[in-house]
Amino acid sequence: MNSPAAHTAVTAAALQADRATRQRQVVAALAPLLPPHALLWQGEDTVPYECDGLTAYRQQPLLVALPETEAQVAAVLKACHALAVPVVARGAGTGLSGGAMPHALGVTLSLAKFNKIVIVDRQACTATVQCGVRNLAISEAVAPLGLYYAPDPSSQIACTIGGNVAENSGGVHCLKYGLTLHNVLRVRGFTALGEPVEFGSEALDVPGLDLLPLVVGSEGMLAVITEVTVKLTPKPSLARCIMASFDDIRKAGDAVAAVIAAGIIPAGLEMMDKPMTAAVEDYVHAGYDLDAAAILLCESDGTPEEVAEEIDRMLAVLTGAGASRVEVSRDEAQRLKFWSGRKNAFPASGRISPDYMCMDSTIPRKRLADILLAIQEMEAKYGLRCCNVFHAGDGNLHPLILFDANDPDQMHRCELFGADILETSVAMGGTVTGEHGVGVEKLSSMCVQFSPAEREQMAALKRAFDGQGTLNPGKVIPTLQRCAEYGKMHVKRGLLAFPELERF
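Right, let's walk through the structure included here. Bear in mind the structure is a predicted one, so any value in this text is a computation, not a measurement. (Residues numbered from 1 in each chain as written. Predicted model: local features only at pLDDT ≥ 70, side-chain atom pairs only at ≥ 80, totals over all residues. Heavy atoms only, no water.)

### Quick look at the pairing of strand β9 (residues 196–200)
Alright, step 1. Direction of pairing for strand β8 (residues 184–190) relative to β9: antiparallel, over a ladder of five bridges. In the strand pairing of β9, phenylalanine 190 is matched with proline 196.
Alright, step 2. Here β8 folds back onto β9 in antiparallel fashion, the turn holding five residues, of which glycine 194 has a positive phi close to 85°. (Pairing = 2+ DSSP bridges. Helix = DSSP H or I, 4+ residues; strand = E, 2+ residues; numbered from the N terminus.)

Laid out in structure tokens, this is it:
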């Protein structure tokens, strides 16, 4: 029994026994608070909750609670706080950074049943909705009023507004209409203690500190959100989209900067490289130019007169920047076809690879070509393919690294590839995330961008809201030990510090 294997087996058995004891304790505490069908703890029932859209990392929760009322949410949080049990709030599970990955000894708090649109105020152009309402469902509900909800992440058919608030989600039209933060007026929910809390206001301002921007994008670490008031935008009378082809990546990147420099703010400005357009075209047949090194999708919306003028201006800029081919959508059907390709980039990638890891970083627009060329070098370095799609207008990258998660070596190389992209983005003047959040995926990369003092400020803010640290622990803010180990990993690879920060 003194062999390492025997010791590991004993340790695993002890941990499993501790988990079982803890599970019985938490089930006993929560069972009186929820209907029988709203509490899951059998292994086969909790498997669907073991990960979010980042499927490379998995962990079954201790149990899953599915409250149906705000009173039940408050009661669950109070009980978990009394037991010092971690709580991970979950919406539709479409997040891509592991933000909703369960805690092994914690409760996954599924808010899927909070799916009602509470009220639509046509005069104020607002809608108050529960956190589990799907993003697209808001626009569908208010379409008869000539309104819609502007942020449109690619997962909008499934992702929930609560998750959008947690990650500060964007979308293909965020360049003109803003991220979730710019389209939310108020959120309501509960603290880790189960106490009600509200941020923002339906008025133009709110007394006291403006804490709404702090909560939006906080990844479930500060409060559990149950209700959101969003802004609604009048639907434009017309929208048209340009598909511009470029025979060189640098020309395409420079064209993005040229459009913005010309004083044009398109409704959408997206970029895809050749591998991505090939994957997408084979999937949805959007009419993309398969000979192009990169394509841009540039949309204009507004009145017919505004659109006609802006389309002419963008065509002039794109042609001047070296576009080899331009095509303007003939009608609404073709415009939607152009965008269907972009919005199906992720599932299209899933058709050509067993797995993919979608990265998310942001760089200055003028460095788009630089980062694409750097990623091409990384493909050779790590022996993995990568398809690239960008919210080009605001410099938000979504490289999709293709790999097989069943191959440990490929998994390891994929992680190194992703870290390299994030660190290179920081070196180019960008940041490690744009709209997908940090979660567990980018914990180590936070060590590159933020100093120990800055990370301690983040931790202090977390403690101010959640002193016991039970809300989504182990996410977003890396520990000093993790950063030290990350630095050592670079040294072991024959590197002095973070060479990615010295290359540019």
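### Some points on the packing of aromatic side chains
Alright, step 1. A full pass over the atoms with the stated rule returns four aromatic pairs.
Alright, step 2. Between the aromatic rings of tyrosine 148 and tyrosine 177, the centroid separation amounts to 6.4 Å while the plane-to-plane angle is 80°, which identifies the pairing as edge-to-face. Within this pair, whereas tyrosine 148 is found in strand β7 (residues 147–148), its partner tyrosine 177 is found in helix α6 (residues 174–177), the two being separated by 29 residues in sequence. There is no split in this pair, since tyrosine 148 and tyrosine 177 are both buried. (Phe/Tyr/Trp six-rings, centres within 6.5 Å; stacked < 30°, edge-to-face > 60°. Buried < 20%, exposed > 50% of the residue type's maximum accessible area, 1.4 Å probe, protein only.)

### Observations concerning the state of the cysteines
Alright, step 1. Per the counting criterion, the structure on display carries one disulfide.
Alright, step 2. In this model cysteine 447 forms its disulfide with cysteine 483; the gap between the sulfur atoms is 2.1 Å. Torsion about the S-S bond of the cysteine 447 and cysteine 483 cystine: about -80°, corresponding to left-handed handedness. Residue cysteine 447 is located in helix α15 (residues 443–449), and its partner cysteine 483 is located in helix α17 (residues 480–492); the two are separated by 36 residues in the primary sequence. (Disulfide = S-S within 2.5 Å.)

### Overview of the environment of threonine 362
Alright, step 1. Relative to the helices and strands, threonine 362 is located in strand β17 (residues 361–362).
Alright, step 2. Of the residues examined, threonine 362 reaches a relative accessible area of 17% and is grouped as buried.
Alright, step 3. In this structure the C-alpha to C-alpha distance between threonine 362 and leucine 318, which are 44 residues apart in sequence, comes to 23 Å.

### Focus on empty space enclosed by the protein
Alright, step 1. Taken as a whole, this structure holds one cavity of 30 Å³ or more when the rule is applied.
Alright, step 2. By volume, the largest cavity is sized at about 30 Å³.
Alright, step 3. For the largest cavity, the full set of lining residues is Val172, Cys174, Leu175, Gly268, Leu269, Glu270, His391, Ala392, Gly393 and Asp394.
Alright, step 4. Broken down by secondary-structure element, the contributors of at least two residues to the lining of the largest cavity are α6 and β13 (268–273).
Alright, step 5. In terms of residue count, the dominant contributor to the lining of the largest cavity is β13 (three residues).
Alright, step 6. Counted by class, the lining of the largest cavity contains five nonpolar, three polar and two charged residues. (1 Å grid on protein atoms, 1.4 Å probe; cavity = no way out; pocket = protein on both sides within 12 Å on 5 of 7 lines; lining within 4 Å. Points joined across faces, edges and corners; volume = space filled by probe spheres on them. Nonpolar A, V, L, I, M, F, W, Y, C, P; charged D, E, K, R; others polar.)

### What to know about the sheet that holds strand β2 (residues 63–65)
Alright, step 1. Spatial strand order, β1-β2-β4-β3: four strands in an open sheet with mixed pairing. The sheet terminates laterally at β1 (39–40) and β3 (87–90), the two strands that pair on one side only.
Alright, step 2. The pairing of β3 with strand β4 (residues 107–110) spans four bridges and is classified as parallel. Across the sheet, alanine 89 pairs through a bridge with leucine 109, a residue of β4.
Alright, step 3. In this fold helix α3 (residues 70–83) packs onto β3 and β4, with an angle of close to 170° to the strand it touches most, β4. (Contact = heavy atoms within 4.5 Å. Axes fitted to C-alpha atoms, helices over the stretch in contact; angles between N-to-C directions.)

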